[in-house]
Amino acid sequence: MKIISFEGIEGVGKSTQINLLQSYLEKQDFTVDVLREPGSTTSAEHIREILLNKENDISKETELLLMFAARSDLINKRIHNNDSDFVLLDRYYDASIAYQGYGRGIPLDFIENLIKLIQCPKPDVSFLFDLSVEDSFSRKKLDVKDRIESSGNSFFERVKNGYLEIAKNQNERFHIIDATKEINEIHNIIKKVLEF
Ligand code: TMP
């Protein structure tokens, strides 16, 4: 089983690329499981609703711990013992480093310890879709913003730059993709990285 994670701020085109890659892999007779974080188990979807509901006033520590509660459930129920050829993850633990670490200011070593505590399997390959915060917001301007999306431009600047930092520090695993490129061009880059 290979784990491939897709990271980036909102509106960068992760879901589109995950769908394209899933169809491509399935056409080649591979089995593929697509999971999103937070979510993809019954309990984790409940936690997702708490995290994204704008009416909930929750601290950054609560936010971090809820992300990891959802993640732990996902790992136990859908990642360990997953017998698909590929697991495609729409965000994973790097998102907690970017959003709760760089974005909200929680110490990174604390988050690294949580990653170790719940024994997150490491992705084989991670793609970071890089896009300016301005472009990201303009792509999503018709959507109603959830609680995290309402965190403001400077928060998202820190998250975007944090993601770049994470990707540069782990360049054996991460591939940074210019998310302003055409959909098919990005799909081809992804196939090339995965050697298909
Ligand atoms: P989305 O799946 O609709 O993009 O919403 C998930 C939101 O949760 C998104 O704003 C990113 C955020 N998030 C974190 O803040 N930390 C995390 O660890 C993860 C996985 C997501």
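Residues numbered from 1 in each chain as written. Predicted model: local features only at pLDDT ≥ 70, side-chain atom pairs only at ≥ 80, totals over all residues. Heavy atoms only, no water.

With an unreviewed UniProt entry as reference, the protein chain is termed Thymidylate kinase, source organism SAR86 cluster bacterium SAR86A. The UniProt entry for the protein chain carries the following comment under Function (unreviewed entry): "Phosphorylation of dTMP to form dTDP in both de novo and salvage pathways of dTTP synthesis." The Catalytic activity (unreviewed entry) comment attached to the protein chain in UniProt states, word for word, "dTMP + ATP = dTDP + ADP". (UniProt positions renumbered as here; feature names shortened; annotations may be inferred.)

*Asks:* I tried to follow the side chain of S40 on my own but got confused; where do I start?
*Replies:* Along the chain, S40 turns up in the loop between strand 2 (32-36) and helix 2 (42-52). Beyond its immediate sequence surroundings of up to four residues, S40 is in contact with L35, E45, L74 and R78. (Helix = DSSP H or I, 4+ residues; strand = E, 2+ residues; numbered from the N terminus. Contact = heavy atoms within 4.5 Å.)

*Asks:* What am I meant to see in the site of the ligand here?
*Replies:* Around the ligand, the surrounding shell holds 13 residues, and the nearest of these are E10, R71, R91, S96 and Q100. At 2.9 Å, a side-chain N or O of R71 approaches an oxygen atom of the ligand. Contact distances for the ligand include 2.6 Å between an oxygen atom and a side-chain N or O atom of S96. Within the complex, 91% of the 480 Å² of free accessible area of the ligand lies under protein. When atoms are counted within 2 Å of each cavity's grid points, the one that captures over half of the ligand is the largest pocket. Counting residues per element, the ones that place at least two in the shell around the ligand are helix 2, helix 3 (60-79) and helix 4 (93-103). For the shell around the ligand, the element with the most residues is helix 4, which contributes 4 residues. Class assignment of the residues belonging to the shell around the ligand gives a composition of 6 nonpolar, 2 polar and 5 charged. (Near = heavy atom within 4 Å. Polar contact = N/O pair within 3.5 Å; in protein donor to acceptor, adjacent residues only side chain to side chain. Areas by Shrake-Rupley, 256 points an atom, 1.4 Å probe, with all protein chains shown as cover. 1 Å grid on protein atoms, 1.4 Å probe; cavity = no way out; pocket = protein on both sides within 12 Å on 5 of 7 lines; lining within 4 Å. Sits in = over half its atoms within 2 Å of the grid points. Nonpolar A, V, L, I, M, F, W, Y, C, P; charged D, E, K, R; others polar.)

*Asks:* Hey, could you run me through helix 7 (residues 153-169) in this one?
*Replies:* An α-helix turns once every 3.6 residues. As a result, residues three or four positions apart point the same way. Its 17 residues give helix 7 an end-to-end C-alpha distance of 24 Å, which sits within 8% of 24 Å, the value for a rise of 1.5 Å per residue. For helix 7, the set of buried residues is F155, F156, V159, K160, G162, Y163, L164, I166 and A167. Of the surrounding elements, those touching the buried residues of helix 7 are strand 1 (2-7), helix 4, strand 4 (125-130), helix 6 (133-139) and strand 5 (174-178). (Expected span 1.5 Å × (residues − 1). Buried < 20%, exposed > 50% of the residue type's maximum accessible area, 1.4 Å probe, protein only.)

*Asks:* When you look at the packing of aromatic side chains in this model, what are you seeing that I'm missing?
*Replies:* To describe a pair of aromatic rings, you give the distance between the ring centres and the angle between the ring planes. Inspection of the entire model under this criterion finds 9 aromatic pairs. Ring geometry for F137 versus F156: centroids 5.4 Å apart, planes at 85°, classification edge-to-face. Separated by 19 residues along the polypeptide, F137 in helix 6 and F156 in helix 7 bring together distant segments of the chain. Summarising the burial analysis for this pair, F137 and F156 share the class buried. Residues F155 and F156 carry aromatic rings whose centres are separated by 5.1 Å and whose planes lie at 85° to one another, so their mutual orientation is edge-to-face. Given a relative accessible area of 3%, F155 falls into the buried group. Aromatic rings pair up to connect Y99, F137, F155, F156 and Y163 into one cluster. Over the face of the ring belonging to F68 we find R71, whose NZ or CZ atom lies 4.6 Å from the ring centre. When the ring centre of F155 is taken as reference, the NZ or CZ atom of R104 above it lies at 4.3 Å. (Phe/Tyr/Trp six-rings, centres within 6.5 Å; stacked < 30°, edge-to-face > 60°. Lys NZ or Arg CZ within 6 Å of the ring centre and 35° of its normal.)

*Asks:* It is not clear to me how helix 4 should be interpreted in this structure. Could you clarify?
*Replies:* Across the 11 residues of helix 4, 10 count as buried, placing the element largely inside the fold. Those residues of helix 4 lying buried are Y93, D94, A95, S96, I97, A98, Y99, Q100, G101 and G103. Residues of helix 4 that are buried sit in contact with strand 1, helix 3, helix 5 (108-117), strand 4, helix 7 and strand 5. Looking at the residues trailing helix 4, positive phi occurs at G105, about 90°.

*Asks:* Please explain the sheet that holds strand 2 as it appears in this structure.
*Replies:* Strand order in the open sheet formed by 5 strands is 2-3-1-4-5, and the pairing between neighbours is parallel. Lying at the two open borders of the sheet, with one neighbouring strand each, are strand 2 and strand 5. Taking each pair of neighbouring strands and ignoring which way they run, the sheet shows an average axis angle of 20°. Lying on the sheet, helix 7 is in contact with strand 1, strand 4 and strand 5; it crosses strand 4 at an angle near 145°. (Pairing = 2+ DSSP bridges. Axes fitted to C-alpha atoms, helices over the stretch in contact; angles between N-to-C directions.)

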